[in-house]
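Each chain is listed here by its residues.
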Amino acid sequence: MTQQDSVNVTENAESTVQVVDNTGPSLLAPGKGLLRPVSVAGAMEHALQHRERVGVQDFVLLEDYQSEAAFIDNLRKRFNENIIYTYIGNVLISVNPYKNLPIYTEEKIQQYYKKAFFEAPPHVFAIADNAYRSLVYEHREQCILISGESGSGKTEASKKVLEYIAARTKHLRTVETVKDKLLQTNPLLEAFGNAKTNRNDNSSRFGKYMDVQFNYEGAPVGGHILNYLLEKSRVVSQMAGERNFHIFYQLLAGADQEMMNSLRLQGRPEAYKFCNTTDSHTQASKINDADQFRTIRDAMKVIEIGEAEQAEIFQIVASVLHLGNVKFVRNDKGNAEILTHDANSGNVAELLKVDSTKLRSVLTSRTIEARGDVVNTPLDVEQAQFARDALAKAIYDKHFSWLVKRLNAALAPAQFGDRDSVFGILDIYGFEIFPKNCFEQFCINYCNEKLQQLFIQLTLKQEQEEYLREGIEWEPVVYFNNIVICDLIEARHQGIISILDDECLRPGDATDYSLLEKLNQRLDKHKHYKSHRNVDTKTQKLMGRDEFCIVHYAGEVTYSVKTFLEKNNDLLFRDIQALMATSGNTIVEQCFKDANLTSKKRPETAITQFKNSLNDLIKILSSKEPSYIRCIKPNDFKMPMQMDDKLISHQVKYLGLMENLRVRRAGFAYRRTYEAFLERYKCLCAETWPVWRGPASEGVRKLVEVMNYEREEYRMGNTKIFIRFPKTLFETEDAYQIKKNDIATIIQSRWRGYWQRKQYLKMRAAAIIIQKWVRRFLAQRLLARRKKAAEVIRAFIKGFITRNGPETPENRRFLGIAKVHWLKRLATRLPTKILDLSWPVPPATCQEASKELQRLHRALLSRKYRLALSPENKKQFELKVLAEKMFKGHKNSYPASVRNRFVVDRLSSELQVLRGTFMASAAWPTGEKLIYSSEAIKYDRRGYKPRERALLASDKALYVLDAAGRKTFKLKHRLPLEKLRVIVTNETDSLVLIKIPQELKKDKGDLIISVPELIESLTIVTDYTKKPELIEIVDTRTIAHNLVNGKQGGTIEVINGPQPAIQRAKSGNLLVVASP
Ligand SMILES: Nc1ncnc2c1ncn2[C@@H]1O[C@H](COP(=O)(O)OP(=O)(O)O)[C@@H](O)[C@H]1O
Ligand SMILES: [Mg+2]
């Protein structure tokens, strides 16, 4: 921006400052209390978040910044919540809470310690910390300007700043005593310079500027105090309800008897005229005074004020008290005289170590030097009283200045290095507007005008410089510059001070009224001066004729000119001064010796001295970076939680706070370096979040586009963004707060994810360990099982190998198992049929049991079988058994017979009929039982001719029957069974040779017969006869048979052949062919 050269700061007729660039009025405002924009703007952001709850923390953010009501409302809202601090930009507004709030604790100090400005709510600590950091890190000298009405909390604030600095530098290597001394100057200065007033129980009655000196490390190494204009009139008189300086009461209440004696004092303040006020001293305040006295004695020790010096100080204090009691009487010449027995003057002389006669003399007469002649003129009582009071004031005032000097000597750093820097704290009286205002108020208000001017200059300058630096155009803003009032007061030759001094120095009869006349004459035209004459009639009524009015920046103040000259001259009669210079009290001596006694030249007037010291102060302050604390008193009653709107409004006005705010707000409410702005709000723009890589200004530009800022809402400077309205910022901040939730969600989710994963990994690790141990346990168990299994198997195998041996421990188990197995198998495989001979093979050990079981089983089966047999079958078996006995191994046809069932009747059905008939005939004896029937072939004994016959066997006899043509049976033979002998071959043939005994002659010889079922028939019959011996089985090849009467018959030849046959052989024998 090229306007740098073309920006003009002009002052128009309205005494306002305008800043105009060459393109015409365009933008911005001057004059903002802007010192360290970054940090201050930061505080604002903190305020943003809390604006709803307790008003705004920075008035700059007040939407309705022109309204005093809104301003006060914001103050009240906060005050009701015990929030006494609020900013206007970097200016701290502090409202006296009149109660102890827990906001100065160690933790609070910590909260502001090394913290960015915006990280904590407004606080005096924040101001202190900010200034301190600027001092230490940027090596910029600092001053903190504290202003406000009496009782608004200035001194408290200054103490807090000092305390904070002390705490802040705690960690630094430093001479601890320096800090102690710095802190201890306060009680001392307060004892001597403070008093109870109607506004403040501990009102500072002097202005104070204190420098704290720091070394390169930032540790305090010393200090220096400048004092301004002690209200010395208080020494001799106080308003109703007020007190003299504390020290008088403290001395009277706290000194021990010995000290009291030496000071010729007695305990009651009422005994002393200077302390004898209407204010009734409560017991409580006395105790407090006594305590305070001890405190200041301790403070003196810390400051290293020795016993001797202390004694002298208290001698001075006591002497003032005695001086007040000095009485004058009018002598016969009408002049003042002190009675010789007046102890008071004696005490004063004694305590101040001056000649008592001379003292009395100087108090009652005056030496005037006129044109070389020295004339001693007596004083009247009134003049004497004046002289006495003047002396009291002078002693006290000078001694106070001496004390400050003394403190400075104690605070002076051992050495002051090049890199050391200074931190100033100005605790000075605020604007005073009383019903009656005097010279003192004039001085004080003048001082405030000067400070306001400084404030304007500094803030304006800085604001202007910043805009230039940032290349921002600005537009003129109408705002009041009080330079015009300063000029009214202090302009050379035409200002009030000049006129006042002229009047004081002018020879002739100058009076307060002649002064007023001159002022009216010369200043009547001035816009900020009003005389009784030229005001409207309404004001005229309120204004006295001895009064003039100045329109201060903070309001109109009417001053009475009474005592202006006297106070400005501030002259002590030379004789008194000379006497004091001879004082044996070294302090008094020093105080009065300094005064230029020998010079004839008039000393500077009080107001000029004040003006000069003020200008020095302004010089000091403007070389430093200022911070402002503006103190406000909420009510006139020192009451907590009460806010008097009228009173506040008044103070807001005369502290110029609305002006302050207007100036601050005239331009841009908010400014921030691009980096800082981007850092806070980058999340509002996708392109800048989370990381912006380009230049910060570009990032901010992107951000601003996204946020839709209007052209007139903001400006982009070289390094900073300037935002004009709080609304814009609020919207941005609101968006940010909303966004923050989203971001918080993301962070939370990430964090939770991270956390869960960590938990998961932990659990996993734990699970692995558990698994490991479980696996180990399982593996061990498996191993044990396998081992055991192997042992079992091994034992089993061993058992198997030795299974046939005797039982041993090794095979016992195997054997047991084998037994069980075998038994189980056996149970399923037991033979069910008696003829089934199968039987599971038993293990060796079970052989015996097996046999026994098998036997039992077979017995069982047999028994079952037997029980199941029918009588026929049983008979059949008996017959078979019989057959076996008879034929087995004897006759070859036996095996073939076993298979076939024995049958008792082998006749054909035809023959059976015949048999029936036969048996029914007489031939069959009754009672005989038929046991066997069969067909048979009978061979003739001669020729062996075969003839068919039927055989019937009864239980008695064998019947041989001829079927004879199939009609009836013809009985051929009946042979009794027991008489018969039967011969059969051992071959398979069916030949039966029945030997008939001799006695049966009838039958003519042996019967040769072939019976088809030979075995069957013989067995059945034998079963009846029970005579198996009757049957003979022969294994000869030939058998001879008999004829009738025993005569040798033929021979039966037996051979083996393939085709069984019985026939007559060629040899004539009967040939029996048996198949093998
Ligand atoms: N921040 C504060 N906290 C509590 N009390 C305070 C505070 N500031 C001032 N006061 C009270 O108000 C009184 C007057 O304060 P002071 O600083 O002496 O006023 P000033 O110096 O402006 O005349 C103090 O004595 C104290 O009781
Ligand atoms: Mg004070």
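All of the points below concern the structure found in this document.

How each quantity is defined
- Here the residue numbers are simple positions, counted from 1 along each chain's written sequence.
- Ligands are numbered from 1 and chains lettered from A, in the order in which they are written.
- Given that this is a predicted model, residues contribute local features only at a pLDDT of at least 70 and side-chain atom pairs are listed and counted only at 80 or more, while totals for whole chains, interfaces and linings are drawn from all residues.
- Excluded from the side-chain calculation are hydrogens and water; included are all heavy atoms of the structure.
- Numbered from the N terminus, helices here are DSSP runs of H or I no shorter than four residues, and strands are runs of E no shorter than two.
- Relative accessibility thresholds used throughout: buried, under 20% of the residue-type maximum; exposed, over 50%; partly exposed, between the two (1.4 Å probe, protein chains only).
- Distance and chemistry together define a polar contact, namely a pair of N or O atoms within 3.5 Å, with one atom able to donate a hydrogen and the other to accept it when in protein, and with adjacent residues in sequence counting only for side-chain atoms on both sides.
- Here a residue-residue contact requires only that any non-hydrogen atoms of the pair lie within 4.5 Å.
- Strands pair, by our definition, only if DSSP identifies at least two bridges between them.
- An axis is simply a line fitted to the C-alpha atoms; with a helix, the fit covers only the stretch in contact. Between two such axes, the angle follows the N-to-C directions and lies from 0 to 180 degrees.
- For salt bridges, the criterion is a side-chain nitrogen of Lys or Arg within 4 Å of an Asp or Glu carboxyl oxygen.

Further remarks concern the side chain of N568. As for its placement among the helices and strands, N568 is situated in helix α20 (residues 564–569). On the basis of relative accessible area, N568 is assigned to the buried category, the value being 0%. Side chain to side chain, N568 and D501 meet in a polar contact 3.0 Å long. Discounting chain neighbours no more than four positions away, the residues touching N568 are F439, L500, D501, C504, T605, A606 and I607.

Here we come to the sheet that holds strand β21 (residues 720–723). Strands pair in a sheet through their backbones, by hydrogen bonds, and they do so in one of two ways: parallel or antiparallel. Pairing within the open sheet is antiparallel, and its three strands lie in the order β19-β21-β20. With one partner strand each, in any of the chains shown, β19 (670–673) and β20 (714–716) form the two edges of the open sheet. Each neighbouring strand pair of the sheet contributes to a mean axis angle of 15°, computed without reference to strand direction. In this sheet, β21 lies alongside β20 in antiparallel orientation, the contact comprising three bridges. Residue pairing for β21: M716 is matched across the bridge by I721. In the packing of helix α26 (residues 674–681) onto the sheet, contacts are made with β19, β20 and β21, and the angle to β19 comes to roughly 95°.

The sheet built from four strands is open, its strands ordered β30-β31-β33-β32 with mixed pairing. Bordering the open sheet on either side are β30 (1038–1042) and β32 (1061–1064), each of which pairs with just one other strand. In this sheet, adjacent strand axes meet at a mean angle of 20° when their direction is disregarded. With four bridges joining them, β32 and strand β33 (residues 1070–1074) adopt antiparallel strand pairing. What sits directly across from A1061, in β33, is V1073.

In the structure shown here, the tally under the stated rule is 57 salt bridges. Measuring nitrogen to oxygen at the nearest pair gives 2.6 Å for the salt bridge that ties E503 to R506. One salt-bridge network, held together by shared partners, links E149, R199, K633 and D636.

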